[in-house]
Amino acid sequence: MEKTERITGVRIIRLDEVDSTNEYAKTIAHEVPEGTVVVAKRQTAGRGRKGRSWTSPEGGLWMSVIMKPPRVDPRLAFVGALAVVDTLADFGIFSGIKWPNDVWVNGRKISGILVEGKAGEYSILGIGLNVNNPIPEELRNNATSMMELTGAKLPLEEVLKKLLMHLDGWYRVFLERPDLLMAKVREKTFILGKPVTVIEGEKRISGTALDVLDDGSLLLDIGGQLKRIVYGDVSLRLF
Ligand code: BT5
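Residues numbered from 1 in each chain as written. Predicted model: local features only at pLDDT ≥ 70, side-chain atom pairs only at ≥ 80, totals over all residues. Heavy atoms only, no water.

Asks: Got a minute to help me understand the pairing of strand β7 (residues 108-118) in this structure?
Replies: Along a regular strand, successive side chains alternate from one face of the sheet to the other. Direction of pairing for strand β6 (residues 102-105) relative to β7: antiparallel, over a ladder of four bridges. From the neighbouring strand, W104 faces β7, where its bridge partner is K109. Two successive antiparallel strands, β6 and β7, enclose a turn made up of two residues, where N106 displays a positive phi of approximately 45°. Bridge count for β7 against strand β8 (residues 122-129) is eight bridges, and the pairing is antiparallel. Along β8, the bridge assignment pairs L114 with G126. In sequence, β7 turns back onto β8 through a hairpin of three residues, with G120 there showing a positive phi of about 75°. (Pairing = 2+ DSSP bridges. Helix = DSSP H or I, 4+ residues; strand = E, 2+ residues; numbered from the N terminus.)

Asks: It is not clear to me how the pattern of salt bridges should be interpreted in this structure. Could you clarify?
Replies: Here the idea is simple: oppositely charged side chains can pair when their charged atoms come close. Within this structure, the stated rule accounts for 23 salt bridges. The partner of D102 in a salt bridge is K109, and the shortest N-O contact between them spans 2.9 Å. D102 gets classed as buried once you look at its relative accessible area, which sits at 5%. (Salt bridge = Lys/Arg side-chain N within 4 Å of Asp/Glu carboxyl O. Buried < 20%, exposed > 50% of the residue type's maximum accessible area, 1.4 Å probe, protein only.)

Asks: I'm lost on the site of the ligand in this one. Help?
Replies: Around the ligand, a shell composed of 26 residues is seen, among which S20, R47, R52, K109 and N130 lie nearest. When the ligand sits alone it has 800 Å² of accessible area, and the protein chains cover 90% of it. At the level of secondary structure, the elements contributing two or more residues to the shell around the ligand comprise α1 (21-28), β4 (61-67), β7 and β8. Ranked by the residues each element gives to the shell around the ligand, the list is headed by β7, at four residues. Along the lines of polarity and charge, the residues of the shell around the ligand split into seven nonpolar, 14 polar and five charged. (Near = heavy atom within 4 Å. Areas by Shrake-Rupley, 256 points an atom, 1.4 Å probe, with all protein chains shown as cover. Nonpolar A, V, L, I, M, F, W, Y, C, P; charged D, E, K, R; others polar.)

Asks: Please explain the side chain of N132 as it appears in this structure.
Replies: In this structure, N132 sits in the loop between β8 and α3 (146-150). For N132, a relative accessible area of 11% gives the class buried. From its side chain, N132 meets the backbone nitrogen of L154 in a polar contact 2.8 Å long. Once you skip the residues sitting within four places of it in the chain, N132 turns out to touch G59, M147, A152, K153 and L154. (Polar contact = N/O pair within 3.5 Å; in protein donor to acceptor, adjacent residues only side chain to side chain. Contact = heavy atoms within 4.5 Å.)

Asks: How do you make sense of the packing of helix α2 (residues 76-90) against helix α4 (residues 156-176) when you look at a structure like this?
Replies: Axis angle and axis distance: for two packed helices, these are the angle between their axes and the distance between the axes, and together they describe the pair. Contact geometry of α2 with α4 gives a least axis separation of 8 Å together with a crossing angle of 135°. Here α2 lies oblique to α4, going by the angle between them. The element α2 and its partner α4 pack so that their crossing is right-handed. Contacts between α2 and α4 involve L76, V79, G80, L82, A83, V84, D86, T87 and D90 from the former and V159, K162, L163, H166, L167, W170, Y171 and F174 from the latter. Looking at the contact of α2 with α4, its residues break down into eleven nonpolar, three polar and three charged. (Axes fitted to C-alpha atoms, helices over the stretch in contact; angles between N-to-C directions. Parallel < 35°, antiparallel > 145°, perpendicular 65-115°, else oblique. Left-handed = near helix turned anticlockwise from the far one by under 90°.)

Keep in mind that these numbers describe shape and distance, not what the molecule does.
This is how it looks when you write it as structure tokens:
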């Protein structure tokens, strides 16, 4: 079932169930105005990067925003991540960004962002945020939810409203002052100054995370040599 309504002027398409809000958003991207949001109560085939699956049972916030910026910019993921960080702060939760597309709290992932699109046509900013949904056993060591952290069920609609408000704000900053967006990303990126390992396909690179550059890439110090990383999975090295 599809229901359309507006919150703070934004057109929202609400679905009970969908394979993936990103997939759905792609199919309608050409017909709808920029800023249209697709929200689903549950996803049956929620996706992460590289075809990994994203667990999306009822109770969480699973949504995609259709955007039409000049190009598909990976920094859109930071628009999503900062909006999530601010939304969590509104509910008393302090979080940080794990480059390039996660939001973490106390060593656990609470949100993942997936940016997809077609150059010159549209970009889809997909956001998954664990709110009241259960965390499956296999993810318990690495994932958390707002409910788990606050000890109470949260009003999903309020979380959505706040998230849309912050998305609107950070998207404007991205378009008009990308330097300010990136300054905030640096402030919130908790891996900077720490030893990390970056895995990209078969490649494994270890070094110290120095900076997030203006184009969104990660600068690593590998034994005195600097390397720019454009894509990958980062984990903190404890020893
Ligand atoms: C991401 O990928 O973190 C991006 C997730 C984007 C999900 C949203 S939901 C709305 C929209 N529609 C979609 O179909 N997708 C977007 P990645 O960095 O590849 O991380 C994926 C990994 O996160 C998985 O391999 C699991 O280890 C872990 N994971 C899966 N579900 C999770 C959850 N609910 N909470 C925390 N971690 C999870």
